[in-house]
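# Overview (structure and organization)
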Amino acid sequence: MITDVPGVLVGHHERVGDGWATGTTVVLVPDGAVGAVDQRGGAPGTRETNLLEPENLVQRVNAVCLSGGSAYGLAAADGVMRWLAERNLGFPVGTQPHEVVPIVPAAVLFDLPRSEWGNRPDASFGYAACEAASASFAQGTVGAGAGAAVGSLKGGVGSASELVGEYTVGALAAVNAAGEAVDLSTGRAYAADHGDFGVKWPSRPADLPPRRTDLNTTIGVVAVDAALSKAEARRLAVAAQDGLARAVRPAHTMFDGDTVFALATGARELPEAGGPFGAAARPAALDALCSAAARVFARAMVHGLLAATTAGGVPAYRDVWPEAFG
């Protein structure tokens, strides 16, 4: 999972049932990481993304907050900031250890129809997600995926990772797309060829009612233990969006605000020169990481689909095609 990248932790907080189906996921990097972002689609909901532009001052972020609740859910990032500030983690702005501003970029997805109106994440969700953060975390109808839907099916949080030589690339996705993640005529996920998901893909059509297209948005994070600049980290986020486009059809619509953050913890340097690529060794190494970012993000989306359970009135894949799980 994304926490296979050393220094990366994940925490969830959600409410499901009694008129609730929403939540917040925090990707926490207590030691900081170089951050970047790539946003596509016509309906984004974000916070603190401009500071991730390569030309701007701040280089490292402390956490990324992913939340349901549409624009209301951006309030969850306030709780993440409070949790970090209590631990003196942030961008120093004074001489005392507590004089810091935590750097917490955030993005939200649209899941309002799955809860009673007014039930959405607030700062307490972000704080609780930080309290729960660890290297081991659940997938599916949890955190930011609690009220997610992908096409006609329930979405959820999924994660994956891959080794690229000595580097680890990991991804986490909250799958909530206007497009379908599955060929509904067969039950096979569009990104099924990106890994072994432990299922036997079915070959029968779904008996599903048509779902009205909501405002949607898939949001996520790709992380690597390489030392990257902000511009290089953005290339990683751009590549992860390719993985999103492999996993859902269509992708990046006017009803999606697809946003992917990149985190580079800096534990391992990229080669500057040598080997078969000579002076181009660094961009060649970065290119290999970007290729992996697309693959792991696509796999993370399939895991989010398969791990999801029915909630908010949206049927889960496992209920529509139970035979896939043997």
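Residues numbered from 1 in each chain as written. Predicted model: local features only at pLDDT ≥ 70, side-chain atom pairs only at ≥ 80, totals over all residues. Heavy atoms only, no water.

Going by the annotation in an unreviewed UniProt entry, the name recorded for the chain is L-aminopeptidase/D-esterase, with Amycolatopsis australiensis given as the source organism.

On inspection of all chains with the given rule, the structure shows 13 salt bridges. Note that R299 and E162 form a salt bridge whose closest N and O atoms lie 3.5 Å from each other. Note that R299 is positioned in helix α4 (residues 281–307) and E162 in strand β10 (residues 157–164), a separation of 137 residues in sequence. In this structure, E323 engages R204 in a salt bridge whose closest nitrogen and oxygen atoms are separated by 2.7 Å. Residue E323 is found in the segment after α5 (317–320), and its partner R204 is found in the loop between β13 (188–189) and β14 (219–226); the two are separated by 119 residues along the sequence. With relative accessibility at 36%, the residue E323 sits in the partly exposed group. A single salt-bridge network, built from bridges that share partners, covers R82, E86, R87 and E131. (Salt bridge = Lys/Arg side-chain N within 4 Å of Asp/Glu carboxyl O. Helix = DSSP H or I, 4+ residues; strand = E, 2+ residues; numbered from the N terminus. Buried < 20%, exposed > 50% of the residue type's maximum accessible area, 1.4 Å probe, protein only.)

As a further point, take the nonpolar core. One finds V169, W201, L236, L289 and Y317 to be the most contacted residues of the largest nonpolar core, which totals 54 residues. Top contributing element to this core by residue count: α4, with 14 residues. Residues contacting V169, with those up to four places away along its chain left out, are V5, A160, S161, E162, V164, V222, A223, V224, L289, A292, A293 and V296. The next biggest cluster of nonpolar side chains, apart from the first, holds 28 residues, and it includes V8, V221, A223 and F261. (Core = buried A, V, L, I, M, F, W, Y, C linked by side-chain atoms within 4.5 Å. Contact = heavy atoms within 4.5 Å.)

Now for the packing of aromatic side chains. Using the criterion set out here, one finds six aromatic pairs in the structure. Ring geometry for W20 and F125: centres 6.0 Å apart, planes at 20°, overall stacked. Residue W20 is found in strand β2 (residues 20–39), and its partner F125 is found in helix α2 (residues 123–131); the two are separated by 105 residues along the sequence. Ring centres 6.2 Å apart and planes at 70° place the aromatic pair F197 and W201 in the edge-to-face group. Each member of the pair F197 and W201 is classed as buried. (Phe/Tyr/Trp six-rings, centres within 6.5 Å; stacked < 30°, edge-to-face > 60°.)

Compared with an ideal rise of 1.5 Å per residue, which puts 18 residues at 26 Å, helix α3 (residues 230–247) spans 26 Å between its outermost C-alpha atoms and is within 8% of the ideal. Taken residue by residue, α3 has K230, E232, A233, L236, A237, V238, A239, A240, Q241, G243, L244 and A247 as its buried positions. (Expected span 1.5 Å × (residues − 1).)

Here the focus is the environment of A206. Structurally, A206 can be placed in the loop between β13 and β14. A206 sits in the partly exposed class, given a relative accessible area of 23%. C-alpha separation for the pair A206 and L270, spaced 64 residues apart in sequence, amounts to 47 Å. Beyond its immediate stretch of four places on either side in the chain, A206 contacts L184, V320 and W321.

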